[in-house]
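Per-entry structural report
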Amino acid sequence: MSEKIRLLIVDDIPETRENLKKLLFFENDIEIVGDAGSGSEAIEMARRLQPDVILMDINMPDMDGITTIERISSELPHVQFIMMSVQGETDYLRRSMLAGAREFLVKPFTAEELCSSIRRVYALAERQRPAAPPTAPVQAQDGAATVAPFLSPASPESAVESDGRRAKLICAFGSKGGVGTSTLLVNVAVALHSQQPNARVAVVDGDLQFGDVGVLLNLETTHSIVDLVPSVEEADAQFVESLMVTHTSGVKVLTAPSSPADADLVTPDVLKKVFALLRANFDYILVDTRTSLSEPVLSILDEADTILLVITTEIPAIKNAKVFFDVAEQLGYPESKVQLALNKYNPRDSIGVEAIQGSIRHPVLATVAEDIRLARNAVNQGIPFVSSHPRAQISQDIFRVASLLSSQQVEQKKEDVAPSKSQPKPKGRPSLFGRLFGGS
Ligand SMILES: Nc1ncnc2c1ncn2[C@@H]1O[C@H](COP(=O)(O)OP(=O)(O)O)[C@@H](O)[C@H]1O
Ligand SMILES: [Mg+2]
């Protein structure tokens, strides 16, 4: 067995320190080198014991955890920190990350959560170390400790950045809030996976403030995209995957931050990195968005191979779709990049498909039937209707969207990838205004 992870525990409550020791008692790869009851004691012990990872309580009487982290990391930059707090207070999370904490655990947490956090931050630190051999063959044996996925060298694919892209990135964008974008996205993801069981399908909740993909799929999550922020430079594909939760369908999901206040930590650069890493290991990446042309949303739209523009037969939705096509054209997107899905479709509506196509001057890729009851039950039960009612019209329509997107994607990639080299997309996008009107 290779070296153990040297851990220092810092918490002002002796019982908590004892409980943490018990939680880690059976972990052969983690050695508790000491425990400190205050910030100043932690600083002294860190100097003396040189731990790899420090598990730090946030609320301590003399010196709080954030200040302690700042002091220790200025002296011992190689030490990794995991912050613990009683409640997931957003302000703490943000400040801890700024101070240098890599992970944030909300008490009470399980032994599994704690161990995987410790291993993850340690593995990241290992990769950062210049002396570490980049391709050391640390093969995991069958049944070897759970450390293996984190400590094994980055897989060859994980080194693949956006150039070596393999996955197809499909983003859903509603021409208006409430048209059913998130509903469509999660159902299309599950449908794609059931049509192509060998395909790896990822869902990323790009509605960073109010994302509800986790709710729509009834997922219990401990991590979200925001956990990538502190280590975005060193993160590899495995790390991103360790933050994802697997839905019963097999689809892997990277959820939005649990607090809207964290949304702005997920910058366009973070999103770009996430997509580059996911592209290496997935066949399809489906991204939900919120109706807005903010910088993060624009960066998602830029990265997408296909934008599924979701509309309904309501006039504002149709009007906004026209506006969106104009914006897409001015942003230099190829025409085939934006595909229209007409949701909540009822053949008895006064506005028909023909009229909509005439008005928007773009073909409707597919319609998805209105089914208020199934759509509502699916949300309330957290089970996508394509799984619970695969034969219903609404589900059949989704399956059709999924197969159209996957087949259309193949043709489109051939024509799109090549020209994008000779005609690079606008880079360093300062603002939507700048990009549309040539300024900056
Ligand atoms: N095809 C449909 N038929 C009936 N109701 C639908 C359909 N698609 C979505 N809905 C309902 O529309 C509402 C908004 O859906 P949601 O996916 O949250 O929209 P968005 O992400 O565009 O804001 C939800 O109540 C959802 O159940
Ligand atoms: Mg939504």
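For the structure itself, consult the block above.
All values derive from a computational prediction rather than experimental measurement. (Residues numbered from 1 in each chain as written. Chains lettered and ligands numbered in written order. Predicted model: local features only at pLDDT ≥ 70, side-chain atom pairs only at ≥ 80, totals over all residues. Heavy atoms only, no water.)

Comments concerning the overall build of the protein
A tally of regular secondary structure across the protein gives 17 helices and 13 strands. Evaluated residue by residue, the protein yields a buried proportion of 53% over its 440 residues. Counting contacts in the protein only where the partners sit at least 6 residues apart, residues at least 24 apart contribute 76% of the total. Carbon and sulfur atoms form 52% of the exposed surface of the protein, whose accessible area is close to 20100 Å². (Helix = DSSP H or I, 4+ residues; strand = E, 2+ residues; numbered from the N terminus. Buried < 20%, exposed > 50% of the residue type's maximum accessible area, 1.4 Å probe, protein only. Contact = heavy atoms within 4.5 Å. Areas by Shrake-Rupley, 256 points an atom, 1.4 Å probe, with all protein chains shown as cover.)

A short note on the pattern of salt bridges
In the structure shown here, the tally under the stated rule is 15 salt bridges. Linking lysine 252 and glutamate 241 is a salt bridge whose minimum nitrogen-to-oxygen distance equals 3.5 Å. Pair noted here: lysine 252 is in strand β9 (residues 252-254) and glutamate 241 is in helix α9 (residues 237-242), with a separation of 11 residues, a long-range link. Here the residues in one salt-bridge network are Arg17, Glu18, Lys21 and Asp35, joined through shared partners. (Salt bridge = Lys/Arg side-chain N within 4 Å of Asp/Glu carboxyl O.)

Section: the side chain of serine 406
By secondary structure assignment, the location of serine 406 is in helix α16 (residues 393-422). For serine 406, a relative accessible area of 9% puts it in the buried group. Discounting chain neighbours no more than four positions away, the residues touching serine 406 are Leu192, Gln196 and Tyr284.

Remarks on empty space enclosed by the protein
This model, assessed by the stated rule, comprises two cavities of 30 Å³ or more. The calculated volume of the largest cavity comes to roughly 60 Å³. Along the walls of the largest cavity sit Thr183, Val186, Asn187, Leu216, Ala375, Ala378, Val379, Ile383, Pro384 and Phe385, which together make up its complete lining. Counting only elements with at least two residues in the lining of the largest cavity, the list comes to α7 (181-195) and α14 (372-381). Within the lining of the largest cavity, the residues separate by chemical class into eight nonpolar, two polar and no charged. (1 Å grid on protein atoms, 1.4 Å probe; cavity = no way out; pocket = protein on both sides within 12 Å on 5 of 7 lines; lining within 4 Å. Points joined across faces, edges and corners; volume = space filled by probe spheres on them. Nonpolar A, V, L, I, M, F, W, Y, C, P; charged D, E, K, R; others polar.)

What about unusual backbone geometry?
In this model, lysine 107 is joined to proline 108 through a cis peptide bond whose omega is -5°. Tracing the backbone shows proline 108 in the loop between β5 (101-106) and α5 (111-128). With a phi close to 55°, asparagine 218 is a non-glycine residue in the positive phi region. One can find asparagine 218 in the loop between α8 (213-216) and α9. Residue classification places asparagine 218 among the exposed residues on the basis of a relative accessible area of 55%. The residue lysine 344 is not glycine, and still its phi comes out positive at about 55°. Along the chain, lysine 344 falls in strand β12 (residues 338-345).

Some points on the site of ligand 1
Taken together, 16 residues lie around ligand 1, and Gly178, Thr181, Ser182, Thr183 and Lys344 are the ones closest in. The contact in question runs from an oxygen atom of ligand 1 to an N or O atom on the backbone of valine 179, over 3.3 Å. A distance of 2.9 Å separates a nitrogen atom of ligand 1 from a polar atom in the side chain of asparagine 343. Here ligand 1 has 560 Å² of accessible area as a free molecule, and 77% of this is covered by the chains. (Near = heavy atom within 4 Å. Polar contact = N/O pair within 3.5 Å; in protein donor to acceptor, adjacent residues only side chain to side chain.)

Looking at the packing of aromatic side chains
Scanning the model with the defined rule gives two aromatic pairs in all. Ring centres of phenylalanine 25 and phenylalanine 26 lie 5.2 Å apart, and the angle between their planes is 90°; on these two criteria the pair is classed as edge-to-face. Grouping residues by exposure puts phenylalanine 25 and phenylalanine 26 together as exposed. Here the guanidinium or amino end of lysine 337 rests over the ring plane of tyrosine 333, the centre of that ring lying 4.0 Å away. (Phe/Tyr/Trp six-rings, centres within 6.5 Å; stacked < 30°, edge-to-face > 60°. Lys NZ or Arg CZ within 6 Å of the ring centre and 35° of its normal.)

Structural notes on the sheet that holds strand β11 (residues 306-311)
Here eight strands make up an open sheet; going across it, the order is β8-β9-β7-β10-β6-β11-β12-β13 and the pairing mixed. Every other strand in the sheet has two partners, leaving β8 (245-246) and β13 (364-369) as the edge strands with one partner each. Pairing of β12 with β13 involves four bridges; the strand directions are parallel. Its bridge partner lying in β13, leucine 340 is registered against valine 364. Contacting β6 (168-174), β10 (284-288) and β11, helix α11 (residues 295-303) crosses the sheet at an angle of about 135° to β6. (Pairing = 2+ DSSP bridges. Axes fitted to C-alpha atoms, helices over the stretch in contact; angles between N-to-C directions.)

Section: the pairing of β10
Counting buried positions along β10 yields five of five residues, so the element is predominantly enclosed. In this structure, strand β7 (residues 201-205) lies alongside β10, joined through five bridges in parallel fashion. In the strand pairing of β10, aspartate 205 is matched with aspartate 288.

Quick look at the packing of helix α2 (residues 39-49) against helix α3 (residues 65-75)
Running from amino to carboxyl end, α2 crosses α3 at an angle of 20°, the nearest separation of the two axes being 10 Å. One element, α2, and the other, α3, form an angle in the roughly parallel class. α2 and α3 meet at a crossing whose hand is right-handed. The segment α2 lies against α3, with Gly39, Ala42, Ile43, Ala46 and Arg47 engaging Thr68, Arg71, Ile72 and Glu75. Tallied by class, residues from the contact of α2 with α3 come to four nonpolar, two polar and three charged. (Parallel < 35°, antiparallel > 145°, perpendicular 65-115°, else oblique. Left-handed = near helix turned anticlockwise from the far one by under 90°.)

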